[in-house]
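Listed here are the chains, written in short residue letters.
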Amino acid sequence: MSQYKIAVVVGSLRRDSFNRQLANAVIKLGPPEFSFQEVQISDLPLYNQDDDAQQAPSVIRLKSEIAASQGVIFVTPEYNRSIPGVLKNALDHASRPYGQSAWAGKPAGVLGASVGTGGTGLAQQHLRNILAYLDMPALGQPEVFIQVKEGLFGASGEIANADKKAFLQGWMDRYVAWVKRHGK
Ligand SMILES: Cc1cc2nc3c(=O)[nH]c(=O)nc-3n(C[C@H](O)[C@H](O)[C@H](O)COP(=O)(O)O)c2cc1C
């Protein structure tokens, strides 16, 4: 059985999302003692503070999945130079009610893929700001800004480019060490 369970949050609901493809390729680079599970955020209602005392079943599910994990990997697109609303919605939901955040203390990893040359750098910076407030230690280096180009993914979803694959393997190795250092 895996010693370390990592929740994966993808900031895109798009069926053929490049970020989900990136997430699926990267989690294959993890060691055997780590398991990775994407958490669903597509069925969360829009956050409304009135509902804090009676959170929707989908919110309770998300919070329990995060609580049961030893770390969280965020893989997100950039929308209009920030994170997509669906990701902010999920972050807000699982941070409430006040004092009962599911995120606190979970070691975070941040990656992103974009069709733009910036490779989600600005979105990631906004996300890191939020993670700092949520008390999530976030791995700082290496930063992963992927620009999606033809041939990035191979036929079975793997990272086709050997240099990019080695870079992402290095990222995973650092993240694994980060979780072991900061996880509870
Ligand atoms: C509403 C919207 C805003 C976008 N804004 C940006 C942006 O600020 N920077 C960028 O590099 N790409 C931007 N894009 C393009 C995304 O990089 C592209 O749609 C990408 O495929 C989204 O990731 P996904 O494939 O995981 O859904 C935007 C796309 C949408 C739909």
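Quick caveat: nothing in here was measured; it's all calculated off a predicted structure.

> Now, about the environment of glutamine 55: what can you tell me, with residues and values included?
Residue placement: glutamine 55 occurs in the loop between strand E2 (34–38) and helix H2 (57–67). Sequence separation between glutamine 55 and proline 97 is 42 residues; the distance between their C-alpha atoms is 8.9 Å. In this structure, glutamine 55 is in contact with Ile60, Lys63, His93, Arg96 and Pro97, ignoring residues within four places of it in sequence. Polar side-chain contacts of glutamine 55 include one of 3.4 Å to the backbone oxygen of histidine 93.

> Give a description of the packing of helix H3 (residues 85–94) against helix H4 (residues 121–133) that names residues and reports values.
A pair of packed helices is captured by two measures, namely the crossing angle of their axes and the spacing between those axes. Taken N-terminus to C-terminus, the directions of H3 and H4 make an angle of 5°; their axes are 12 Å apart at the nearest point. What the angle tells us is that H3 and H4 run roughly parallel. Listed contacts from H4 to Leu87, Lys88 and Leu91 of H3 are Leu127, Ile130 and Leu131.

> Residue-level account of the sheet that holds strand E5 (residues 144–147), with values.
Spatially, E2-E1-E3-E4-E5 is the arrangement adopted by the five strands of the open sheet, whose pairing is parallel. Only two strands of the sheet have a single neighbouring strand rather than two, namely E2 and E5. Pairs of neighbouring strands in the sheet enclose a mean axial angle of 20°, with direction left out of account. Summarising the sheet, strand E1 (residues 4–10) and strand E3 (residues 71–75) pair through five bridges and their orientation is parallel. Bridge pairing links isoleucine 6 to glycine 71 in E3.

> Could you give an account of the site of the ligand, naming the residues involved and the relevant values?
For the ligand, the set of nearby residues contains 13 residues, the closest of which are Ser12, Arg14, Ser17, Asn19 and Ser114. Within the side chain of serine 12, a nitrogen or oxygen atom sits 2.7 Å from an oxygen atom of the ligand. In this structure, serine 17 approaches the ligand through a side-chain N or O atom, which is 2.6 Å from an oxygen atom.

So, how was this worked out
- Residues numbered from 1 in each chain as written.
- Predicted model: local features only at pLDDT ≥ 70, side-chain atom pairs only at ≥ 80, totals over all residues.
- Heavy atoms only, no water.
- Helix = DSSP H or I, 4+ residues; strand = E, 2+ residues; numbered from the N terminus.
- Contact = heavy atoms within 4.5 Å.
- Polar contact = N/O pair within 3.5 Å; in protein donor to acceptor, adjacent residues only side chain to side chain.
- Axes fitted to C-alpha atoms, helices over the stretch in contact; angles between N-to-C directions.
- Parallel < 35°, antiparallel > 145°, perpendicular 65-115°, else oblique.
- Pairing = 2+ DSSP bridges.
- Near = heavy atom within 4 Å.

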